[in-house]
Amino acid sequence: GRIFNISNGGNALKFFDYNASSERMRIDAAGIVTKPYQPIISVSRNNSSLSFTINQDVFASTSMLNWVVQGISHNTSNGRFTVPVAGKYYVHFQSMKNNGSKAYFRVYKNGGDTLGLRIYDDTTNISGWCPYGLGGVFSLAANDYLNVVCGVGATNNAHGMNHMNFTIHLIG
């Protein structure tokens, strides 16, 4: 059976769903590919100064700023971000810490530290807020989940709102 419709209009090759009601992919004349339903999530905590304790999940909260949420689910009770399909995903976390406090965060895959994605910053000779971040590309299977967990808690070890971001994006 037919699973999609193809149209060559406006100098672009366009792929639509079966009913031709939604464009699923486009390749324009310059070769640029756009996929408007590509799984992505980009969020922050809707709080300013945050203090996390050891093993506390950063995103187990209903106080969220959801910048972009499409295809990747977020469970606010346990902080899990679940991916819908297998593929290569870009994963990124960044925030800020205050006045030389410790910041130690890990991104866990399926409850374990198998990604090896972590940031540790215990610089003590700073005054004010100091940014930190981590990121990489990882192979994930359908229904794998990621969490951001605090490794070593300290006062003012993160800042939410516009100063924090956690992004997961399917890239291939």
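Below you will find a few notes about this structure.

So, how was this worked out
Counting of residues starts from 1 at the beginning of each chain's written sequence and follows it residue by residue. Two thresholds apply to this predicted model, a pLDDT of at least 70 for residue-level local features and 80 or more for giving and counting side-chain atom pairs, whereas whole-chain, interface and lining totals are computed over all residues. Values reported for side chains reflect all heavy atoms of the structure, with hydrogen atoms and water molecules removed beforehand. Numbering of helices and strands runs from the N terminus, with a helix taken as a DSSP run of H or I at least four residues long and a strand as a DSSP run of E at least two residues long. Only protein chains enter the accessibility calculation, which uses a 1.4 Å probe; a residue is then buried when its area is under 20% of its type maximum, exposed when over 50%, and partly exposed in between. Note on contacts: a residue pair is in contact if any heavy atoms of the two residues lie within 4.5 Å. Methods summary: accessible areas were calculated by the Shrake-Rupley approach with a probe of 1.4 Å, and residue burial reflects only the protein chains presented. Lys and Arg are tallied as positive, Asp and Glu as negative. Neither His nor the chain termini are counted. Where a charge sits is defined by one atom per residue type, namely NZ (Lys), CZ (Arg), CG (Asp) or CD (Glu).

**Digging into the overall build of the protein**
Here is step 1: Within the protein one finds zero helices and 16 strands.
Here is step 2: The dimensions of the protein, computed from C-alpha atoms along their principal axes, are 60 × 30 × 25 Å.
Here is step 3: Considering the protein as a whole, with its 172 residues, one finds that 41% of them fall into the buried category.
Here is step 4: For the protein, the proportion of contacts with a sequence separation of at least 24, taken over those separated by at least 6, is 64%.
Here is step 5: Carbon and sulfur atoms make up 50% of the accessible area of the protein, which totals about 8700 Å².
Here is step 6: Looking at the protein, you have 13 positive and 8 negative side-chain charges, and the mean spots of the two groups are 3 Å apart.

**A word on unusual backbone geometry**
Negative phi values dominate among residues other than glycine, just as trans dominates among peptide bonds.
Here is step 1: Positive phi outside glycine occurs at N55, with the angle close to 70°.
Here is step 2: Along the chain, N55 turns up in the loop between β6 (49–50) and β7 (64–70).
Here is step 3: You can call N55 exposed: its relative accessible area is 56%.

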